[in-house]
Amino acid sequence: MTLSTSHHIREQFEHCLAVIRQASVEILLLLNVHVSEGKDPRWFLEQLDNARLSLGGWAAVAKQLHLNDAEMSEFTLQLRLLQQRVPQYESGQDVSENQLIAAMRFVTTLEHLRMQQPLLTYDSELASGSELQQQQAHKQVRAIELMIKGLIQQAWPDQVRLNNHLKTLFNADRVRRWLKHGEINDVLSGMMFSELAQLLVDKKEFSRYYASLFSDSAMLTLLIEPRKTLQTFLDDIRQIRNAIAVQQTLSSAQILLLDNYYSQITRPVQRAFEEGRTRINPAGLMAVDASELHNFWEKAQKMDRVTGGDLFEVRDTIEKPAQRAPRTPEQREQLISGMLWGAVGVMVIAIVAGGFWLVTSPKPQQAAVAATETPPPQEMREAPSSRETLTRMGVSWDENNFRSAINRNDTRVAQLFLQGGMDWKLSWTEEAMSADHDDVLELMLRYRQNMVEEKPCRRFINTLSHAMSNGESLTSMRKQYLQAFCTVPAVVKRQQHDVDMATRRAKSQPDAATKKWQSIQTAIYDVIR
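Residues numbered from 1 in each chain as written. Predicted model: local features only at pLDDT ≥ 70, side-chain atom pairs only at ≥ 80, totals over all residues. Heavy atoms only, no water.

Colleague: Any chance you could explain the overall build of the chain here in plain terms?
Modeller: What the chain contains, in helices and strands, is 25 helices and zero strands. Each principal axis of the C-alpha distribution contributes one length, and for the chain these read about 100 × 65 × 55 Å. The 529 residues of the chain split such that 46% are buried. Considering only residue pairs separated by 6 or more positions, the chain has 73% of its internal contacts joining residues 24 or more positions apart. As presented, the chain carries roughly 27800 Å² of accessible surface, and 51% of it is formed by carbon and sulfur atoms. If you average the places of the 61 positive and of the 63 negative side-chain charges in the chain, the two averages end up 6 Å apart. (Helix = DSSP H or I, 4+ residues; strand = E, 2+ residues; numbered from the N terminus. Buried < 20%, exposed > 50% of the residue type's maximum accessible area, 1.4 Å probe, protein only. Contact = heavy atoms within 4.5 Å. Areas by Shrake-Rupley, 256 points an atom, 1.4 Å probe, with all protein chains shown as cover. Lys, Arg positive; Asp, Glu negative; His and termini not counted. Charge placed at Lys NZ, Arg CZ, Asp CG, Glu CD.)

Colleague: Honestly, helix 3 (residues 58-65) in this entry has me stumped. Any pointers?
Modeller: Each α-helix turn comprises 3.6 residues. Residues three or four places apart therefore point the same way. Among all positions in helix 3, only Trp58, Val61, Ala62 and Leu65 are buried. Taken end-on, helix 3 shows its buried residues confined to a sector of 100°, consistent with a single buried face. One or two positions beyond helix 3, positive phi appears at His66, with a value near 60°. (Arc of directions from axis to C-beta.)

Colleague: What is the right way to read the side chain of Lys139 from this model?
Modeller: Note that Lys139 resides in helix 6 (residues 131-155). With sequence-adjacent residues up to four places away left out, Lys139 is seen in contact with Met286, Val288 and Leu293.

Colleague: What is the right way to look at a nonpolar patch on the surface in this model?
Modeller: Together, Val344, Val348 and Val352 line one region of the surface with nonpolar side chains, adding up to about 240 Å² of accessible area. Its place among the elements puts Val352 in helix 15 (residues 329-360). (Patch = residues over 30% accessible without salt bridge, like charges linked within 9 Å, V, L, I, M, F, W, Y side chains within 5 Å. Salt bridge = Lys/Arg side-chain N within 4 Å of Asp/Glu carboxyl O.)

Colleague: Quick question: what am I supposed to make of the pattern of salt bridges here?
Modeller: A side chain with one charge may pair with a side chain of the opposite charge, provided their charged atoms come close. Applying the stated criterion across every chain yields a total of 24 salt bridges. A salt bridge links Arg80 to Glu431; the nearest nitrogen and oxygen atoms lie 3.6 Å apart. You can see Arg80 sitting in helix 4 (residues 69-85) and its partner Glu431 sitting in helix 20 (residues 430-434), a full 351 residues away along the chain. Of the two residues, Arg80 and Glu431, both sit in the buried class. One connected set of salt bridges, linked through shared partners, spans Lys203, Glu225, Arg227, Lys228 and Asp316.

Colleague: What should I look at first to understand the packing of aromatic side chains in this one?
Modeller: Centre distance and the angle of the planes are the two values used to describe a pair of aromatic rings. Tallying each qualifying case throughout the model produces 15 aromatic pairs. With a centroid separation of 4.3 Å and an interplanar angle of 25°, the aromatic rings of Phe233 and Tyr261 are classed as stacked. With Phe233 in helix 11 (residues 226-245) and Tyr261 in helix 12 (residues 252-274), this pair connects stretches of sequence that are 28 residues apart. An identical accessibility class is assigned to Phe233 and Tyr261; each is buried. (Phe/Tyr/Trp six-rings, centres within 6.5 Å; stacked < 30°, edge-to-face > 60°.)

Colleague: How do you make sense of helix 7 (residues 159-169) when you look at a structure like this?
Modeller: For helix 7, the full list of buried residues reads Leu162, Asn163, His165, Leu166 and Leu169. With its buried residues spanning 165° around the axis, helix 7 presents them on a single face. Summarising the geometry of helix 7, the exposed residues directed more than 90 degrees from the buried face are Val160, Arg161 and Thr168. At its buried positions, helix 7 is contacted by helix 6, helix 8 (172-181), helix 9 (193-201) and helix 10 (203-210). For helix 7, the N-terminal capping position is held by Asp158, with its side-chain oxygen 2.9 Å away from the main-chain nitrogen of Val160. (Polar contact = N/O pair within 3.5 Å; in protein donor to acceptor, adjacent residues only side chain to side chain.)

Here's what the structure looks like:
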């Protein structure tokens, strides 16, 4: 990194911190916390936690800020990531690209908050914008999308084999829909950006076809694993692309963040192109005239209107299609209602039969009949009562609300979801683990039979390893979860292999990072073996 580049990064970072400090004063004032000036991200997080205690919980904080549960969780998550990267900052100290990206991501989160809560008026502009910068951003998003399509087509040059592969990964109905919406004999042109990105960053697909192209050790290091970093960046780009598709003007923070993302994502592929390892040339994709660029975004806007927008996040893995489609909430309610009415019918028949028996039988047996008839109605009412309680609380029966309750350590709401029969996944506990929300985590363990995630341990152990590498500890709660879900022989064998690989790396490259990674893998293995 040259001196001028380092100076430019530091200037942008300090501007981001100035925006965050100004915003923190206004946000805290709205939460009845009076401060004279804003400080570093760790201080802001501590003040937010004080506001939570004062107001009675994150739900009250979210209400003041006009955020829903998911948005509140995302806000606190971004702030935690920033304070982990930048616990303290003194003016003039060196700043890495990752620290700058973390700061810019939180500035864009603050912009979303300002849109939701009109009482907030802080300025989030990081630089003076221009039409040329907007056009450059449009080119960058287009280039990234075409690059992803090109990489997929390079891995699957035969269209028939690609279609069959997509049917295996997703399902035949989705492939038919993509072919209908796309151009003739081009299934990828009918896919949304998030679906293309999902096909790139899926664990198996990435390791098999694309990992070698993104092997630049200097790029995609915001998170320890390049694939996970790429997934995070592409999901942010999805949201920027959505804004362009509805003809919104991008903010300077979005433009600068996108510029950093573009560099991090395309540089490894550009290097692979120059070395002859791929025929995809990102620089060539940026060489587009105004007419071609306009046609691309006109098609994108048309697709956006047809599909209703690209609403789903870029996930870690592609979920395999189930043999039977999962029931919708309405179908579940209808099924429960049918079962209850059926039970009522059975009860009516039982009561009529019981009445007839009472008339024709001696009186001393009446008490026994009553005793046998009383319990069932209470048992039947128990199942829907949790949902009714949630409805009265204003919480809909929804997976996102359940996950938000876990993230904010709301044991009451989480228990109602669990009692109502909602399933959960081990990956949903990641944020609660980082925040040491032991109360809700203990509650989830009591309902371990509701954990339905298939093969959850690879992601859980990867996330835990990265958290420990960033300074978090292997707590007793994390050990309990490892022992509860990750002691099957296949997982133990894979972890033993990871320990061996980490040991070899530590011997061949004996430095603090490799030794730390070896100790982390060994500690996890000692828990599950």
